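Below are the chains, spelled out letter by letter.
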Amino acid sequence: MKIARFLSYFSGLAISLAAGWTVLPQALYKEVPQPASFSHAAHTGEKGGMQCTDCHAFRTDGSFAGVPKLETCAGCHAEPVGETASEKRFVEEFVKKEREPQWQIYSRQPDNAWFPHSVHVTRGKLACEGCHGSHGKSAALPAYRVNRITGYSQTVMAGMRMDDCVACHRQRGLSHSCLDCHK
Amino acid sequence: MTRRATPGKAARYGMIIDLDRCNGCGACMIACAVENNVPPPDAKATPRTGLNWVRVFRVETATRPAFVPVMCMQCGDETPCVSVCPQNAVDVDPSTGVVGQIPERCLGCRYCMAACPYQARVFNWRDPQWPAGMEQALNPNVSARQRGTVEKCNFCHGRWHAAVEAAANEGKTGSVSYTPACVEACPAQAIEFGDLNDAAFAAKARAAGAFRLLEPLGTGPKVYYRTGRAEVRGAVSGLIEEAKNGQRS
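Basis of the calculations
- The numbers attached to residues start from 1 for each chain and follow its sequence in the written order.
- For naming, the first written chain is A and the first written ligand is 1, with later ones following in the order written.
- Restriction of local features to residues with pLDDT of at least 70 applies here, the model being predicted, together with a cutoff of 80 or more for giving and counting side-chain atom pairs; totals for whole chains, interfaces and linings are based on all residues.
- Each helix is a run of DSSP H or I of at least 4 residues and each strand a run of E of at least 2, with the numbering of both proceeding from the N terminus.
- For the purpose of contact definition, each residue receives a C-beta atom placed from its backbone, and two residues are in contact when these atoms lie within 7 Å.
- Structurally, a nonpolar core is described as a collection of buried Ala, Val, Leu, Ile, Met, Phe, Trp, Tyr and Cys residues joined by way of C-beta atoms within 7 Å.
- Exposure criterion: with C-beta atoms placed from backbone coordinates, a residue whose C-beta has 20 or more other C-beta atoms within 10 Å is buried, one with 12 or fewer is exposed, and one in between is partly exposed.
- Strands qualify as paired when DSSP identifies two bridges or more between them.
- To get an axis, fit a line to the C-alpha atoms, keeping to the stretch in contact for a helix; angles then go from 0 to 180 degrees between the N-to-C directions.
- Oblique is the label for every angle not falling under 35 degrees (roughly parallel), over 145 degrees (roughly antiparallel), or within 65 to 115 degrees (roughly perpendicular).
- Throughout, a crossing is termed right-handed when the near helix is turned clockwise from the far one, and left-handed when it is turned anticlockwise from it by less than a right angle.

Considerations on the overall build of chain B
Per the secondary structure count, chain B includes eight helices and ten strands. Seen along its three principal axes, the alpha-carbon backbone of chain B occupies a region of about 50 × 45 × 35 Å. Within chain B, counting contacts between residues at least 6 apart in sequence, those at least 24 apart form 68% of the total.

What about the nonpolar core?
If you look at the biggest cluster of nonpolar residues, it comprises 62 residues, and the most contacted ones within it are Ile 17, Val 54, Met 71, Ala 120, Cys 182 and Ile 191 of chain B. Excluding residues that lie within four positions of it along the chain, Met 71 of chain B makes contacts with Trp 53, Val 54, Ala 120, Cys 153 and Val 223 of chain B.

Side note on the sheet that holds strand β1 (residues 13-18) of chain B
Residue and element names in this part refer to chain B. Spatial ordering of the open sheet is given by β8-β1-β10-β9, a layout of four strands whose pairing is mixed. Because the sheet does not close on itself, it has two edges, and the strands there are β8 (191-195) and β9 (210-211). As defined by bridge partners, β1 adjoins strand β10 (residues 223-226) across four bridges and the pair is classed as parallel. For Met 15, the partnering residue across the bridge sits in β10 and is Val 223.

A closer look at the pairing of β1 of chain B
Residues and elements named next belong to chain B. Within β1, five of the six residues are buried, which leaves it mostly tucked inside the rest of the structure. Pairing analysis gives five bridges linking β1 to β8, with the strands arranged antiparallel. Residue pairing across strands places Gly 14 opposite Gly 194, the latter belonging to β8.

Side note on unusual backbone geometry
Residue and element names in this part refer to chain B. Non-glycine residue Asn 88 carries a positive phi angle of around 55°. Among the secondary structure elements, Asn 88 is positioned in the loop between α2 (80-84) and β4 (90-92). Note on Asn 88: 11 C-beta atoms within 10 Å, which makes it exposed. You will see that Cys 156, though not glycine, has its phi angle at about 50°, which is positive. With respect to the helices, strands and loops of the structure, Cys 156 is situated in the loop between β7 (150-151) and α4 (157-169).

Focus: the environment of Ala 62 of chain B
Assignment of secondary structure puts Ala 62 of chain B in the loop between β2 (55-59) and β3 (66-70). When the C-alpha positions of Ala 62 of chain B and Gly 171 of chain B are compared, they lie 54 Å apart, and in sequence the two are 109 residues distant.

Comments concerning the packing of helix α5 (residues 70-77) of chain A against helix α6 (residues 85-95) of chain A
Residues and elements named next belong to chain A. Where α5 meets α6, the closest approach of the two axes is 11 Å, and the angle between their N-to-C directions is 125°. Our classification of the angle between α5 and α6 gives oblique. Crossing of α5 over α6 shows left-handed handedness. Residues Leu 70, Cys 73, Ala 74 and His 77 of α5 form the contact with α6, whose own contacting residues are Glu 87, Phe 90, Val 91, Phe 94 and Val 95.

Below, the structure is given as structure tokens:
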């Protein structure tokens, strides 16, 4: 009798822990599809030969343009230049219809955060890969998973939070006052 | 939290306001609100519940009245709001000298408002609301604050951010120069903005006829006033006390 109670207690505990550690974190995020498939690898490296800044450019005032607009894509892809079905679909669905794709932004930050790319890349000489990893060589876009409660992507929650900013600034002995990064 | 500025790059931004030039038009108040996404007050707002990061006081003197714009003085020493904040929501940025206010950390206790000898802080009683269509004209460089938090002038930090971004892009280092909205809007050019670490600007701030509000308190304000009229200087010294006692709004 005692053993049965002992077993039921621990099996209940094990199930709760398993659910808490595996099921809930999964249930907290929902996957949102990107409007089109995109291969960075097809554009960069030996195959495409493009640099990050060819599409993710700085504006003349130093602000960062982020994900390129359709007109940047249309500059090369007014007609399909390759053989792939996904490119053909992109040209027909977006470029020809002049419909701006609503990309989900993995790194989208809250409205009150200010992250100047020019300060980090141009002045700080940080490589794109330092923060974005091998994203520039990926053959397909990773799944965009958004937190059901906060509305922010898993990418932000996993390594682009304020703690991560402050940790790097501390490590390098840089200023980290509130208004340095908040607007 | 101890914070260090990058050596050799720190600025101490300050202002010199010429009271003999200020004609009390209030353009600085409007420009400030537009720049910093300060919503228009609702119909029932009083001087106490409305939001103004800069206020222009009318001061009567024996001769003609004077007008005194008062915003956050960006106190550099013994900053009263910093020392009382239980949330660490206020700090003095060592790289700019600007007193930062972070509404996301603010719990709305308003201790800082009580501590501020200049009455330069305001409390958000309501979530910001803009008349239909006006939200299209909001400044993307400044985040709107939520209800239940304190806010104040930060020398147009959105403009500072933009200036830093542009300077970095051009490969420049060191402190940047920029112009806050009130300085730009003043038709009488009564407000000068600069870096007090710059010897010429500092000398101007401390020239004859210059003074700071409630200087004996030792808060080290970085907003300087200048007037050639002795009666104005005498009248201004009583200004803050009157505001505190509710005789002036």
